[in-house]
Amino acid sequence: HVHTIKVLYDKEKTDVITKREWNEELNRPIRNFPEQVSLLRRVINSHQSRVQSVLRIHSVANKLIIFYNFNFELHALKEAFDATDTVVAEHNGFRHDPLPTGDNWVYLVQYMSGNEAWECHTTNYMVFFSLNYSYRITIQAMGRINRLNTPYEDLYYFRLVSNHKLDKSIDSALSKKKNFNI
């Protein structure tokens, strides 16, 4: 079961990036398109509604795998779960913790580090905190709980998507089984 959850974004901040073409972090004009996309992803994916959505999902799914793209997303997720009694483990370029055990955990997985070569039979819930540009990587990530020998009949995937045109464009490419970068 794939569920798309609509999340918010800061329209004023994205307008500064797209209409004024201004990098507020460096207090200078945006130099190129990749810089603009990077800034947009940071603003869009940093909205508190994403973290709130994850916490709501976790309230019904005590064992949860969360895929993310960027380090700022990891920090926001860790900060949110620091205020809970949830066990937090990571799989990324810096840490490769084993899957947590017990009844209340989250496994924070960076797409590029953890989209393949491991499997999980202890949960049937996964969140895509941000969308990955690649259809193949997304499908590989989904496969971490979609195994032939899973004890679960139903698998649940939650995709957090804003109404910003960048998020919608990435979502559209993925739904067409394409790579957004191409």
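Before reading on, note that the structure itself is shown above.
Given the structure is predicted, the values throughout are model-derived calculations rather than measurements.

Colleague: Would you take a moment to explain the nonpolar core for this structure?
Modeller: Counting residues in hydrophobic clusters, the biggest one holds 18 residues, and the most contacted among them are Val-54, Leu-64, Ile-66, Leu-77, Leu-108, Val-127 and Phe-129. Only α3 (48-60), β4 (63-68), α4 (71-82), β6 (105-110) and β8 (156-162) provide two or more residues apiece to this core. Top contributing element to this core by residue count: α4, with 4 residues. Not counting the four nearest positions on each side in its chain, Ile-66 is found in contact with Val-54, Leu-77, Phe-81, Val-106, Tyr-107, Leu-108, Val-109, Val-127 and Phe-129.

Colleague: Would you take a moment to explain the pairing of β8 for this structure?
Modeller: On a regular strand, each side chain points to the face opposite its neighbour's, so the side chains alternate between the two faces of the sheet. Within β8, 6 of the 7 residues are buried, which leaves it mostly tucked inside the rest of the structure. Where strand β1 (residues 2-7) lies against β8, 6 bridges are found, and the strand directions are parallel. Bridged to Thr-4 within β8 is Arg-159. Bridge count for strand β7 (residues 125-128) against β8 is 4 bridges, and the pairing is parallel. Its bridge partner lying in β8, Phe-128 is registered against Arg-159. After leaving β7, the chain enters helix α6 (residues 135-142) and then returns to the sheet as β8, a path that is right-handed.

Colleague: Would you mind showing me how to read the pattern of salt bridges here?
Modeller: When charged atoms on two side chains of opposite charge get close, those side chains can pair. Under the defined criterion, the tally for this structure stands at 11 salt bridges. Among the salt bridges present, the one from Lys-11 reaches Asp-15, with a minimum N-O distance of 3.0 Å. Of this pair, Lys-11 and Asp-15 both sit in helix α1 (residues 11-18), 4 residues apart, roughly one helical turn. In this structure Lys-11 comes out as partly exposed when scored by relative accessible area, which is 45%. Through salt bridges with shared partners, one network takes in Lys-78, Glu-90, Arg-95 and Asp-97.

Colleague: When you look at the packing of aromatic side chains in this model, what are you seeing that I'm missing?
Modeller: Where two aromatic rings form a pair, the distance of their centres and the angle of their planes describe that pair. Evaluation of the coordinates by the stated rule reveals 9 aromatic pairs. Every member of this aromatic cluster is reached through a ring pair, and the members are Phe-67, Tyr-111, Phe-128 and Tyr-157.

Colleague: How should the environment of Glu-21 be read in this particular structure?
Modeller: With respect to the secondary-structure elements, Glu-21 resides in the loop between α1 and β2 (22-23). Considering only alpha carbons, one finds Glu-21 and Val-109, 88 residues apart in sequence, at a separation of 32 Å. Those residues within four positions of Glu-21 in sequence are excluded, and the remaining contacts are Val-16, Pro-29, Ile-30 and Gln-36.

Reading the values: the criteria
Residues numbered from 1 in each chain as written. Predicted model: local features only at pLDDT ≥ 70, side-chain atom pairs only at ≥ 80, totals over all residues. Heavy atoms only, no water. Core = buried A, V, L, I, M, F, W, Y, C linked by side-chain atoms within 4.5 Å. Buried < 20%, exposed > 50% of the residue type's maximum accessible area, 1.4 Å probe, protein only. Helix = DSSP H or I, 4+ residues; strand = E, 2+ residues; numbered from the N terminus. Contact = heavy atoms within 4.5 Å. Pairing = 2+ DSSP bridges. Right-handed = clockwise from strand over helix to strand, strands pointing away. Salt bridge = Lys/Arg side-chain N within 4 Å of Asp/Glu carboxyl O. Phe/Tyr/Trp six-rings, centres within 6.5 Å; stacked < 30°, edge-to-face > 60°.

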